[in-house]
Amino acid sequence: MSVAQSLIRSARFRAEREPDWRRLEQIVTKTERRGLRSLSLDEAQALATLYRQAMASLSVAREISLDRALLAYLEALCARAYLAVYAPQRRLRGLFSHLLVYGIPGAARRLFPLILVGYLILTLGGVAGYLLFQDDPTWYNTLVPTSPDDPRGLNSSAAELRSVIYDGADSEGGELSAFAAFLFSHNTRIALLVFCLGIAVCVPSSLLTFYNGMAIGAFVALHESKGLLLDITAWLSIHGVTELSAIAIACGGGLHLGQAVLFPGELRRRDALRRNARDAVKLALLAALMLIAAALLEGFGRQLVQDIPARLTIGLSVGAFWIAWLTLCGRGEAP
Amino acid sequence: MIWRRKTKDAKPQRNPLDPDRRLITDFVPPEGVPIRFDVAGLGARLIAQLADILITVAGLIAIMIALVFSDLLPGTAIIVIGSLLFFAIRVPYYSLSEILMNGQTLGKRLSGLRVISADGRTLSAHAVTVRNLMKELEVFVPGTMLLASSQLDGVSAVLLVIWILILGIIPFTNANRQRLGDILAGTYVVMLPKPVLLPDLAEAPVSEGSFSFLPHQLDHYGRYELQTLEALLQVNAASLNRAALLRHQSNLHKVAQTITNRIGYPTRVPEDQAGAFLLSFYRTQRAYLESRKLFGDAREDKFHGSRDSQPSGPS
């Protein structure tokens, strides 16, 4: 029975269009194997046209055809063609530069109040830790996570503390391994958790940030009690400006997520979360970037630069750099 | 739960061609024709995840061994590179590979999965980053804590179990099996379908004999039975071994008998003509049902006449 005589409408429909589908399948397979770039101009144009034709065929076939083989094939073909046609087109470099110029600074400006709240929680924690230490120095052991081989502790002498600050006695293997140690350090984990836990209605984020502030407050108070306030400030500032800011920013991002759960407004909570995640994630990326920068500063800068004014200058100028980037960059319309 | 439902989620729809599969029903590309992807099973996703972990860790170890033996770098530098790579095989690996490979990591490619954007548009770098950042919370942090679980005290262990349970339950609470990261990013994980076009039975030559059917004999069945019959007839007899071929032929005969009984076909169909009978019945029935459908009378299955009353027992 030839096609023209076939009485079944859906069989004629299929026979008329099958060569086009086959060609589309061939182009899609080529795209999947070797990428859109490997297509010639003809093939690229054919891909767009044939894809739309196949979608139209699918729409019609669902209405008129009961041919299971045809329906399954068209569904699969259209799905794969869709994925080939709507593949991400942007280059990685373009993505990164857009993120650095527009994405991150814009998000930081929009969420500035929340970042401020993050700083506030951190500062409050610091003050609380400081006051607790003044009240009873044994709080230090509770608040500051210590390892057994850490020379710093309640019983350390001023000379021991000083040696950590200036000779790097806490890192035996020199700059690079200090950098490595940092990546696994306490603060990186804190920043990550602070961000992710924001989704649980802000509470764990705020608590962790507060606790981290307390540890720093007690740490500073310990050094102050040994008369090393200026030294420890300079020591902390060289990377701490960046590192603590990263925690405050991660906290701001976490709070933004928590906000969506607490105050979804007109939206469903999941939709509110999706909306807020756009900016919150950029803050998380910013925090990650700053933590890597802090690791570099800690690994190299802190060992190479030994006097107080230079340490303070570096710390503050790095801070000024972050502020300048986040406030000034990408103010225009994003392309 | 913190999720308040303002609108009810659509009931999980089953694939009409294969009722064991779940379908994504609300996925509409810009062309406006919904594409029904199969929801990826959680087992396949777990396997893809494990494969990814194996691949990345193996890659990391291979690079480290190569560095150690090449003697190009001092020991401390190797430690630094190792620690950087250790972070790179987590969120950055998953995000970058899903951006570069259009929604697939190596593990997903192996198990034929794909991430798509729920709104029908191009999968954005933002969505990929979000779903993989949340993976840190869902997989890596609990995973590493689980590995170190011998050092946990009672309270932390209970908290860890609760954490894993809550995040593990989320995919079961929604029809499209989205984990928390998928919900936040607005993505689905789907099976990558394979386009295989089987021949059109309406055009296959009928070998011998001619059977004809009257309209009232075609009123008994609907789409479901027709397509089940098609699946039976699409079996490629040439690829079967002897035992399977015999079984296939006896199946054809049984089906042919059932159909003749049900529709009241006047003559008995001899066993060697069962295939030809079924093929010509399939054609006539399909032409009939398709024309009924064009007139607005779409028949889903053999209960089409008694939709309002309880479906009665099998024929």
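Remember, it's a predicted structure, so these values are computed and weren't measured experimentally.

1. Here's the deal with the overall build of chain A
Thought 1: Secondary structure summary: chain A contains 13 helices and zero strands in total.
Thought 2: For chain A, with 335 residues in total, the buried portion stands at 51%.
Thought 3: In chain A, 75% of the contacts between residues at least 6 apart in sequence involve partners at least 24 apart.

2. Some thoughts on the interface of chain A and chain B
Thought 1: The interface of chain A with chain B comprises 71 residues on the first partner and 76 residues on the second.
Thought 2: Summed over both partners, the interface of chain A with chain B buries about 6,600 Å², with 68% contributed by carbon and sulfur atoms.
Thought 3: For chain A, the biggest contributors to the area lost against chain B are Leu66, Arg68 and Arg270 of chain A; these three give 12% of the whole.
Thought 4: Our enumeration of links across chain A and chain B arrives at three salt bridges.
Thought 5: For glutamate 75 of chain A, the salt bridge is made with arginine 36 of chain B, and the minimal N-O distance between the two is 3.7 Å.
Thought 6: At the surface where chain A touches chain B, the tally comes to 19 residue pairs in polar contact (both at pLDDT 80 or more).
Thought 7: Element by element, the count of residues in the side of chain A that touches chain B is highest for helix 3 (residues 68-85) of chain A, at 14 residues.

3. Section: helix 3 of chain A
For an α-helix the count is 3.6 residues per turn, leaving residues at separations of three or four pointing the same way.
Thought 1: Taking 1.5 Å per residue, 18 residues should reach 26 Å; helix 3 of chain A reaches 25 Å between its end C-alpha atoms and fits that length.
Thought 2: The opening residue of helix 3 of chain A, the one whose side-chain oxygen lies 3.2 Å from the backbone nitrogen of alanine 69 of chain A, is aspartate 67 of chain A.

4. Section: the pattern of salt bridges
Residue and element names in this part refer to chain B.
Thought 1: Tallied over the entire structure, the rule returns 25 salt bridges over all chains.
Thought 2: Residue glutamate 138 pairs with arginine 179 through a salt bridge whose shortest N-O separation is 2.7 Å. Of this pair, glutamate 138 sits in helix 5 (residues 125-147) while arginine 179 is found in the loop between helix 6 (154-173) and helix 7 (180-185), placing the two residues 41 residues apart along the sequence. For the pair glutamate 138 and arginine 179, a shared accessibility class is recorded, and that class is buried.
Thought 3: Across the salt bridge formed by arginine 286 and glutamate 290, the nearest N and O atoms sit 3.1 Å from each other. Here arginine 286 and its partner glutamate 290 are both found in helix 10 (residues 274-294), four residues apart, which amounts to about one turn of the helix.
Thought 4: For arginine 286, a relative accessible area of 0% puts it in the buried group.

5. Notes on helix 5 of chain B
Thought 1: Compared with the 33 Å implied by 1.5 Å per residue over 23 residues, the 31 Å span of helix 5 of chain B between its first and last C-alpha is a close match.
Thought 2: Maximal helix bending in helix 5 of chain B amounts to about 35°, located at lysine 135 of chain B.

6. Points about the confidence of the model for chain B
Residue and element names in this part refer to chain B.
Thought 1: In this model, chain B carries a mean pLDDT of 81, and residues with pLDDT of at least 70 account for 88%.
Thought 2: Across residues 309-315, where pLDDT falls below 50, the model places six contacts with residues more than four positions away in sequence or in other chains.
Thought 3: We note a pTM of 0.78 for the whole complex and an ipTM of 0.82 for its interfaces.

7. Considerations on the environment of leucine 66 of chain A
Thought 1: By the secondary structure assignment, leucine 66 of chain A is in the loop between helix 2 (41-64) and helix 3.
Thought 2: Residues leucine 66 of chain A and leucine 267 of chain A lie 201 residues apart in sequence; the distance between their C-alpha atoms is 40 Å.

What counts and what doesn't
Within every chain, residues take consecutive numbers counted from 1 along the sequence as written. Following the order in which they are written, the chains are lettered starting with A and the ligands numbered starting with 1. Only residues with pLDDT of at least 70 get local features here, since the model is predicted, and only at 80 or more are side-chain atom pairs given and counted; chain-wide, interface and lining totals rely on the full set of residues. Note that water and hydrogens are dropped before the side-chain values are worked out from all heavy atoms of the structure. Helix numbers and strand numbers start at the N terminus; a helix is a DSSP run of H or I with at least 4 residues, a strand a run of E with at least 2. Each residue gets one of three labels from its accessible area relative to the maximum for its type: buried under 20%, exposed over 50%, partly exposed in between, using a 1.4 Å probe on protein chains only. Any two residues having at least one pair of non-hydrogen atoms within 4.5 Å are treated as being in contact. Computed with a 1.4 Å rolling probe, the buried area is the accessible surface lost when two parts are put together, summed over both parts. Definition used for salt bridges: Asp or Glu carboxyl oxygen within 4 Å of a side-chain nitrogen of Lys or Arg. Side-chain atoms alone can form a polar contact between residues adjacent in sequence; in general such a contact is a pair of N or O atoms within 3.5 Å, and within protein one must be able to donate a hydrogen while the other accepts it. Take the number of residues in a helix, subtract one, and multiply by 1.5 Å to get its expected span. Values of bend correspond, residue by residue, to the angle between axes fitted over the seven residues ending at that residue and the seven starting there. Values of pLDDT, which run from 0 to 100, indicate the predictor's confidence residue by residue.

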